[in-house]
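Chain and residue survey
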Amino acid sequence: FIAGHSAGGHLAAMMCGPRGPGSRVIKGGCSISGLHDLEPIRLCYLNERLLLDAEEVRENSPVALARALPLRAPALPHLLLTVGSEEGPEYLRQCDDLAHALGDAGQPVSVVNSLSADHFTVCEAFSDPEHDVLKAMLRMMGQTRKAPRGIATADQQ
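None of the values given here were measured: they were computed from a predicted structure. (Residues numbered from 1 in each chain as written. Predicted model: local features only at pLDDT ≥ 70, side-chain atom pairs only at ≥ 80, totals over all residues. Heavy atoms only, no water.)

With that settled, consider empty space enclosed by the protein. Under the criterion given, the structure shown has 1 cavity of 30 Å³ or more. By volume, the largest cavity is sized at about 100 Å³. Lining the largest cavity are 16 residues, with Ala13, Cys16, Gly17, Pro18 and Leu102 positioned closest to its centre. Listed by contribution, the elements that provide at least two residues to the lining of the largest cavity are α1 (7-15), α5 (62-67) and α6 (89-104). Element by element, the count of residues in the lining of the largest cavity is highest for α5, at 3 residues. (1 Å grid on protein atoms, 1.4 Å probe; cavity = no way out; pocket = protein on both sides within 12 Å on 5 of 7 lines; lining within 4 Å. Points joined across faces, edges and corners; volume = space filled by probe spheres on them. Helix = DSSP H or I, 4+ residues; strand = E, 2+ residues; numbered from the N terminus.)

Right, here's the structure in full:
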């Protein structure tokens, strides 16, 4: 299992995606406020240092990779997505876009948002044994063989 926050959430999503090592190596993952679409970074001042081109963005954006998946692709590792409700609209959009792209491809994905959390407090969910994000991650870790396909929400888990 793998988890990461922000840029680490991007890496977790990549490892659970079609370019990752697959479900024989990684059973599931959690992207916490992950960067799932690199196109906005390519278009902003950060790209003066990163020098990303359009092809590199497509090859390294979990959203673009998920949208390119055929419907009957082999199951990827289950990916849990979470984002704080008080985060900026771009983080909320990217979480939603990845959830829908994976769900549309019939891949196992769950979304559990963190109410009243922002980009820096969202990780506190993992220190609260009653938090839905921690419960969803622990549930996923216990059911590695029967991860649901398509989008699941906290109340469906």
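A few words on the side chain of Asn47. Tracing the chain through its elements places Asn47 in helix α3 (residues 47-50). Since its relative accessible area comes to 13%, Asn47 is described here as buried. Those residues in contact with Asn47, other than ones at most four positions away along the chain, are Ile41, Arg42 and Leu52. (Buried < 20%, exposed > 50% of the residue type's maximum accessible area, 1.4 Å probe, protein only. Contact = heavy atoms within 4.5 Å.)

What follows is about the side chain of Gln94. Looking at where Gln94 falls in the secondary structure, it is placed in helix α6. Leaving out residues up to four positions away in the same chain, Gln94 has contacts with Gly34, Leu35, His36, Asp37, Pro40 and Val63.

Topologically, Glu90 is positioned in helix α6. We classify Glu90 as partly exposed; its relative accessible area is 33%.

We now examine the layout of surface pockets. Taken as a whole, the second largest pocket encloses approximately 160 Å³ of empty space. Together, Leu35, Asp37, Pro40, Ile41, Cys44, Tyr45, Leu46, Glu90, Tyr91 and Gln94 line the second largest pocket. For the lining of the second largest pocket, the element with the most residues is α6, which contributes 3 residues. Residue composition of the lining of the second largest pocket, by class: 7 nonpolar, 1 polar and 2 charged. (Nonpolar A, V, L, I, M, F, W, Y, C, P; charged D, E, K, R; others polar.)

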